[in-house]
Amino acid sequence: MSNRFFIQTLGCAKNTADSDGIGAVLERAGFQMVDASEDADVMIVNTCGFLQASRAESLEALRALGQRKHDGQLLIAAGCLISRYGENVKREAPGVDGVIDAGKWLAMPRLIQYLRENNHGDADWFDDAYLNLPRAQLAARSVTAYLPRHAQGPSAFLKIADGCDRPCAFCIIPTIKGGHRSKPMDDVIAEARELVALGAREIVLVAQDTTAYGWDWKQRDVLAPLLERLCGEVEGMQWLRVMYAYPGHVTPRLIETMARYPQIVHYVDVPLQHANPQTLHRMKRPNITTARRMLDDLRAAMPDLALRTTFIVGFPGETEEEFHSLLEFLEAQEFDRVGVFEYSQEAGTPAGAMSQQVPRKISARRRHEAMLLQQKISARKNRAHIGETLDVLIEGVGEIVSDSQHAGQALRDPELDCGNCVSIGRSYRDAPEVDGVVIAQSELPIGKIVKVKITQASEYDLVGEPI
């Protein structure tokens, strides 16, 4: 029987890392990855179950593939949506043959074998007797037991931990993923080496909370020595980026390490979620004094630091006064990159049961107002780089699309043959998939870091000439 598989990944960068793990497990079991669902014998959707919108997107993707499924194809739903809703997903998307949750994807080859042997029949995929390994052991091994299938272009996500121990009132992740589990340091180093050998020039560290790395070993401040080892032991890694740091967990040693090593880009993503003390208290998040002190310390050590954060508006009980204190904080701090999200009421979270739920119309208006303010800040900060020369990691070649929402969005197609191509890349200020890009007015080699003199800027992107 042919063993071709296709994976569609939804959700965050951590899911991208998990999809690489699923692919690695299948390839080592004799499967071959294909780029199109119609060419696959097994179609897998790595779902997201974090918010209502992400659940709807996941179910829509499963239904679409289920409707196109031909005889002999299997459709498997994997990931966070399954961890939360299990077999209910098959009722919502009847084309699904089997499900496997985020903590059990190491058992994917056995799941496929079972479905084939039982003629796509129903099964309880939370039956540990069949899967052989108990959930806790599978969950722990899913963080540690694989090396990546291949680098996804010149940048690659490397998951250093999974799960979360934080008590945030709005978040369902601890229920879905379980407690924080760190990947052994030697495994992280080995995985980074393989990614670089396969073409990655940038390694992006991800976890629910990267700064809690090693805490489950009863150790603190372990992320800094991990960064030191990565910089000292992974030859050929040119950029190392840290995502999803937790306010209050960014230690002096971590800041000093980030400032000392040239491979570590001066960029950090610290989701603050709000700036008003009362709102943060209801959210069960660190206080704003802690956040301000951390931001000051980071900027003092790295004056060129690019800071990304996210905020939630419309959290239960958020008043106009609380919202406006968030706007004042935004204006005062001048973050480089900001994501603003409307609060989503999630069953099973403390916030989901709170009174004073904010009407969606008000949340939407607040998000729009906050994003308008941030667009002005981002445009001003981007314009400040005009005339500067930045190192840019080239990711693709394409043609300008005039109706793009970005200033210079291009078609990322390395096979494109055009007479007037531009190249797309990212500077240290831009994380893959979530931030802006740099458009270089020339065709440049993909995977190389080149110097680009910035000539134009918009709210999101920069445009320049290679030198």
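Located above this text is the structure these notes cover.
Undergrad: Could you give an account of unusual backbone geometry, with specific residues and numbers?
TA: The phi dihedral of Asp-221 is positive, around 60°, even though this residue is not glycine. Positionally, Asp-221 belongs in the loop between strand 9 (202-206) and helix 10 (223-233). The class for Asp-221 is partly exposed, based on a relative accessible area of 24%. One non-glycine residue with positive phi stands out, namely Lys-284, at about 60°.

Undergrad: Help me get a handle on the sheet that holds strand 18 (residues 462-466), residues and values and all.
TA: Strand order in the closed barrel formed by five strands is 14-15-16-18-17, and the pairing between neighbours is mixed. Going from strand to strand, the sheet's axes swing by 50° on average, the running direction of each strand aside. By the bridge criterion, five bridges tie strand 14 (residues 389-398) to strand 17 (residues 449-457) in an arrangement that is antiparallel. Across the sheet, Leu-390 pairs through a bridge with Val-452, a residue of strand 17.

Undergrad: Tell me about the pairing of strand 1 (residues 4-9), residues and numbers included.
TA: For strand 1 and strand 2 (residues 32-33), the ladder comprises two bridges, and the chain directions are parallel. Paired with Arg-4 across the two strands is Gln-32, which belongs to strand 2. Assessed by its sense of winding, the connection that carries the chain from strand 1 through helix 1 (residues 13-28) to strand 2 is right-handed. Bridge count between strand 1 and strand 3 (residues 42-47): five bridges; the pairing is parallel. Across the sheet, Phe-6 pairs through a bridge with Met-43, a residue of strand 3.

Undergrad: Let's hear about the pattern of salt bridges: which residues, and what values?
TA: Summed over the entire model, instances satisfying the criterion amount to 33 salt bridges. For the salt bridge of Asp-209 with Arg-166, the shortest nitrogen-to-oxygen distance reads 3.7 Å. Of this pair, Asp-209 sits in the loop between strand 9 and helix 10 while Arg-166 is found in the loop between strand 7 (161-162) and helix 8 (173-177), placing the two residues 43 residues apart along the sequence. Per residue, the accessibility class of Asp-209 equals that of Arg-166, and both read buried. Three or more residues joined by partner-sharing salt bridges are found here, namely Asp-18, Lys-159, Asp-162, Lys-177 and Arg-181.

What counts and what doesn't
Residues numbered from 1 in each chain as written. Predicted model: local features only at pLDDT ≥ 70, side-chain atom pairs only at ≥ 80, totals over all residues. Heavy atoms only, no water. Helix = DSSP H or I, 4+ residues; strand = E, 2+ residues; numbered from the N terminus. Buried < 20%, exposed > 50% of the residue type's maximum accessible area, 1.4 Å probe, protein only. Pairing = 2+ DSSP bridges. Axes fitted to C-alpha atoms, helices over the stretch in contact; angles between N-to-C directions. Right-handed = clockwise from strand over helix to strand, strands pointing away. Salt bridge = Lys/Arg side-chain N within 4 Å of Asp/Glu carboxyl O.

By themselves these figures say nothing about function.
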